Amino acid sequence: MLVITCPVCGVEGEEADFHCGGEGHIARPATENPDGISDDAQRDYMFMRKNPKGVHFERWRCDRGCGKWFHACRDTVSMQIFGYYGITQRPPAALLKKADPLWQAHFEAAKKPSAKKAKS
Amino acid sequence: MSEALIITPLYDREAPGGLAIIMTEVVDLGMIDLRGLPKDKKFMDAAKAALGIALPTAPRTSAGMGDIVCLWMSPDQWLITCPRKAVGGLLAKLNASLEGIFSLAVDMSDARTIIRLEGDRVRETLMKGSSIDFTQSGYEAGTVRRMLFGEIAAMVHVVSEKPDVFHLMVFRSYAHHAWDWIEATAMKGSEVEFLSSAEAPPVV
Ligand SMILES: [Zn+2]
């Protein structure tokens with residue numbers, strides 16, 4: 001069983017007290033560029049997920065507590081949660097270091113000036 | 001003019017005999033949902049001016065003075081309870097005070113129903129329907145807790161202790177579900193004796 005602590009209101013609960021909102025940090029291309037979205041970009045946004053076997057960043061909601069969204073860093077194998085951070089924040093360096101290499105590549109790519117800034 | 005008739009969600013329910021707690025529907029409390037930003041000093045001051053109480057900002061707490069009680073629901077949301085007949089006046093006062101400030105105050109009196117639970121077995125009964133240990137510290141009088149209760153969204157307000165009085169708030173459409181759940185789990189004979197000092201049965 002997953003035991004989660006809400007970083008917003010501090011409440012501790014089991015999985016059913018929260019709601020998983022899937023993978024975090026998915027930027028919606030149409031937000032930046034509503035007219036020129038390629039089919040590939042829209043497909044990636046809709047369907048393509050990292051789905052790593054390892055340490056992952058997810059969005060969770062404190063469903064039966066304060067109702068707020070937050071990010072959690074969870075190992076998809078062991079279910080261990082390593083930490084939380086705000087819904088508008090990037091993962092702290094310590095958590096990013098722990099995360100699956102897919103995530104390091106994700107934020108490396110977002111840093112490049114050519115890439116559109118990923119909004120969470 | 002004809003008088004508006006208020007039919008509460010549980011008007012057709014009465015607690016049966018043989019319960020370990022006393023349960024009744026609270027019919028005379030109105031509720032106002034108030035939203036605003038706690039960091040906005042103007043909002044906090046305006047709310048205080050209208051309510052006569054500062055909004056509680058610590059999670060799961062409440063603040064009350066006389067008839068008006070403010071329950072913390074979220075960092076930017078409060079549920080104000082007051083006598084049902086005073087809702088209109090209080091809401092007008094709030095809206096006047098909050099004029100021009102990023103906020104929202106709405107009469108939600110008919111969105112939820114409040115079930116009043118009283119007695120030494122209340123904590124134990126509620127624990128049968130949720131993942132929360134109400135015997136822990138942190139559930140003293142004044143505490144507010146939103147939770148999953150009997151598979152539905154609910155909120156509990158510890159009104160007083162010794163004897164325990166809890167208000168369980170559920171959405172109107174779940175009123176009968178919540179009522180029936182408590183009726184069944186509060187039956188005398190269904191106590192789990194978790195809170196008693198009775199000795200554990202021998203291991204055979
Ligand atoms: Zn929370």
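For the structure, see preceding data.
Rules used throughout
- Residues numbered from 1 in each chain as written.
- Chains lettered and ligands numbered in written order.
- Predicted model: local features only at pLDDT ≥ 70, side-chain atom pairs only at ≥ 80, totals over all residues.
- Heavy atoms only, no water.
- Helix = DSSP H or I, 4+ residues; strand = E, 2+ residues; numbered from the N terminus.
- Buried < 20%, exposed > 50% of the residue type's maximum accessible area, 1.4 Å probe, protein only.
- Contact = heavy atoms within 4.5 Å.
- Areas by Shrake-Rupley, 256 points an atom, 1.4 Å probe, with all protein chains shown as cover.
- Lys, Arg positive; Asp, Glu negative; His and termini not counted.
- Charge placed at Lys NZ, Arg CZ, Asp CG, Glu CD.
- Buried area = accessible area lost by both parts, 1.4 Å probe.
- Salt bridge = Lys/Arg side-chain N within 4 Å of Asp/Glu carboxyl O.
- Polar contact = N/O pair within 3.5 Å; in protein donor to acceptor, adjacent residues only side chain to side chain.
- Nonpolar A, V, L, I, M, F, W, Y, C, P; charged D, E, K, R; others polar.
- Pairing = 2+ DSSP bridges.
- Axes fitted to C-alpha atoms, helices over the stretch in contact; angles between N-to-C directions.

**Q** Sorry if this is basic, but what is going on with the overall build of chain B here?
**A** The number of helices and strands found in chain B is 4 helices and 10 strands. Counting every position in chain B, which comprises 204 residues, the buried fraction comes to 46%. Pairs at least 24 apart in sequence give 62% of the contacts found in chain B among residues at least 6 apart. Summed over its atoms, the accessible surface of chain B is roughly 10600 Å², and 56% of this surface lies on carbon and sulfur atoms. The centroid of the 20 positive side-chain charges in chain B is displaced by 7 Å from the centroid of its 26 negative side-chain charges.

**Q** Where do I start with the interface of chain A and chain B in this structure?
**A** Many descriptions give the size of an interface as the accessible area lost when the pieces come together. Opposite the 13 residues of chain A that make contact, chain B presents 14 residues. On the chain A side of the contact with chain B, A:Cys9, A:Arg64 and A:Lys68 bury the most area, a combined 46% of that side's loss. Connecting chain A to chain B are 1 salt bridge. Between the two partners, chain A and chain B, sit 6 residue pairs in polar contact (both at pLDDT 80 or more). Residue composition of the side of chain A that touches chain B, by class: 5 nonpolar, 3 polar and 5 charged.

**Q** Looking at this structure, I do not really get the sheet that holds strand β4 (residues 55-61) of chain A. What am I missing?
**A** The strands that make up a sheet pair up through hydrogen bonds in the backbone, lying either parallel or antiparallel. Residue and element names in this part refer to chain A. Taken in spatial order, the 4 strands make up an open sheet running β3-β4-β5-β6, and their pairing is antiparallel. Every interior strand has two partners, whereas the edge strands, β3 (19-23) and β6 (81-86), have only one. Each strand of the sheet is rotated relative to its neighbour by a mean of 30°, with strand direction disregarded. Across 7 bridges, β4 lies against strand β5 (residues 69-75) in antiparallel orientation. Within the sheet, the bridge partner assigned to Phe-57 lies in β5 and is Cys-73.

**Q** Sorry if this is basic, but what is going on with the side chain of B:Gln77 here?
**A** Residues and elements named next belong to chain B. Mapped onto the fold, Gln-77 is located in strand β5 (residues 77-83). Classification of Gln-77 by relative accessible area gives buried; the value is 11%. For Gln-77, the residues in contact, after removing those within four places along its chain, are Asp-33, Leu-34, Arg-35, Leu-71, Trp-72 and Arg-146.

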